[in-house]
Amino acid sequence: MAKVGLLGHAKGYWLILLLGFSWLALLLVLVVAVDVLNLRTITSELARRDGEEAVVLWSHLFAEGGAAEVMQWLMLGLAAALAFFASGWLRGIRANVRLERFWLIMGMALLLMLMEDAGNVRQAVSIYAGMLLGGAAGSAGEYLVFALIALVPGLAVLWYWRLVWQLRRTRILLLGGFVAYGAAGIGSALRRAWYEPAGWWVHEWIFAGRIAELPGVHYGFTHGFWLMDFLVEETMELIGATLMAAAVAAFYADAGPCAAALQPEQAGRWKSG
């Protein structure tokens with residue numbers, strides 16, 4: 001029987017879920033404590049360092065390069081590493097070659113997502129395209145980056161979904177990750193049309209109008225826009241990254257009961273649909 005190793009432990013993927021969601025819960029508790037309940041002593045040092053009277057904590061924790069995004073990078077990197085390892089493991093035991101290719105493509109997709117998120121590739125493309133060709137080209141360049149990043153995992157799922165569908169825990173977690181990232185990506189692509197009113201709705205109805213506001217106008221947008229762009233969007237992306245990493249780890253647990261089917265002599269008979 002093929003050995004999956006430590007990552008194949010039935011509870012392994014729960015550790016990833018626990019880490020990602022515990023970190024998110026901690027950040028949200030801090031936001032409620034400081035920015036909603038106004039327990040400002042927690043941020044006195046930040047305020048002193050930045051020369052501000054008061055710090056809007058959610059704009060620090062959920063900004064680009066903030067605590068939420070750093071955990072997202074960790075999850076995407078972990079997911080990519082586990083996916084590449086899964087592909088190599090399947091090749092090593094001469095298992096189903098189509099499943100091996102699926103994880104190879106998913107590893108590349110996750111790596112692209114990490115590169116885009118950490119390097120702000122779409123913003124750079126949008127800025128330079130806008131400078132060279134005008135404002136419309138900037139938006140088109142951003143949409144193009146979105147499309148290319150979505151294309152790679154989309155092709156993997158399109159080609160091999162029948163294989164992955166047989167792996168129950170992997171399937172559920174992958175679907176959750178795709179939904180979370182899809183919602184965040186589509187929302188971000190159309191952000192200029194709806195982030196501002198949606199953010200003010202979140203401010204009034206989710207936080208009862210009590211969450212600390214960003215003063216003034218920043219880059220042409222007010223508090224409502226940034227509440228969506230930082231707090232809501234980064235929350236969705238961290239959820240998506242955590243589910244993606246857990247999904248790849250869950251594959252090792254799902255593959256355990258199917259270990260006999262992964263043997264070289266059985267690989268050709270493991271159904272792909």
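Residues numbered from 1 in each chain as written. Predicted model: local features only at pLDDT ≥ 70, side-chain atom pairs only at ≥ 80, totals over all residues. Heavy atoms only, no water.

Engineer: I'd love a proper account of the overall build of the protein chain, names of residues and values included.
Structural biologist: Along its length, the protein chain carries ten helices and zero strands. Listing every helix and strand of the protein chain by position from the N terminus yields α-α-α-α-α-α-α-α-α-α. Counting across all 273 residues of the protein chain, residues that qualify as buried make up 47%. Within the protein chain, counting contacts between residues at least 6 apart in sequence, those at least 24 apart form 76% of the total. A total of about 13,800 Å² of accessible surface is found on the protein chain, and carbon and sulfur atoms cover 69% of it. (Helix = DSSP H or I, 4+ residues; strand = E, 2+ residues; numbered from the N terminus. Buried < 20%, exposed > 50% of the residue type's maximum accessible area, 1.4 Å probe, protein only. Contact = heavy atoms within 4.5 Å. Areas by Shrake-Rupley, 256 points an atom, 1.4 Å probe, with all protein chains shown as cover.)

Engineer: How would you explain the confidence of the model for the protein chain if you had to name every residue and give the values?
Structural biologist: Scored by pLDDT, the protein chain comes out at a mean of 82, with 77% of its residues at no less than 70. Note on residues 1-9: pLDDT under 50 across the span, and 17 contacts to partners over four residues away in sequence or across chains. The low-confidence segment residues 263-273, where pLDDT is below 50, has 26 contacts with residues more than four positions distant or belonging to other chains. (pLDDT = per-residue confidence, 0-100.)

Engineer: I'd like a description of the pattern of salt bridges, backed by residues and values.
Structural biologist: Throughout the structure, instances matching the rule amount to two salt bridges. The partner of R91 in a salt bridge is E100, and the shortest N-O contact between them spans 2.8 Å. For the salt bridge of R169 with D254, the shortest nitrogen-to-oxygen distance reads 2.9 Å. Of this pair, R169 sits in helix α8 (residues 168-189) while D254 sits in helix α10 (residues 223-255), and the two are 85 residues apart along the sequence. By the burial criterion, R169 is buried, and D254 matches it. (Salt bridge = Lys/Arg side-chain N within 4 Å of Asp/Glu carboxyl O.)

Engineer: Could you give an account of the nonpolar core, naming the residues involved and the relevant values?
Structural biologist: Nonpolar side chains in soluble globular proteins tend to end up buried together. If you look at the biggest cluster of nonpolar residues, it comprises 72 residues, and the most contacted ones within it are W58, F62, W103, L110 and F251. Secondary-structure elements contributing two or more residues to this core are α1 (12-36), α3 (57-61), α4 (67-92), α5 (97-119), α7 (135-165), α8, α9 (191-206) and α10. No other element matches α10, which puts 20 residues into this core. Once residues within four sequence positions are removed from consideration, F62 is found in contact with L24, L27, L28, V31, A68, F230, L231, E234 and T235. (Core = buried A, V, L, I, M, F, W, Y, C linked by side-chain atoms within 4.5 Å.)

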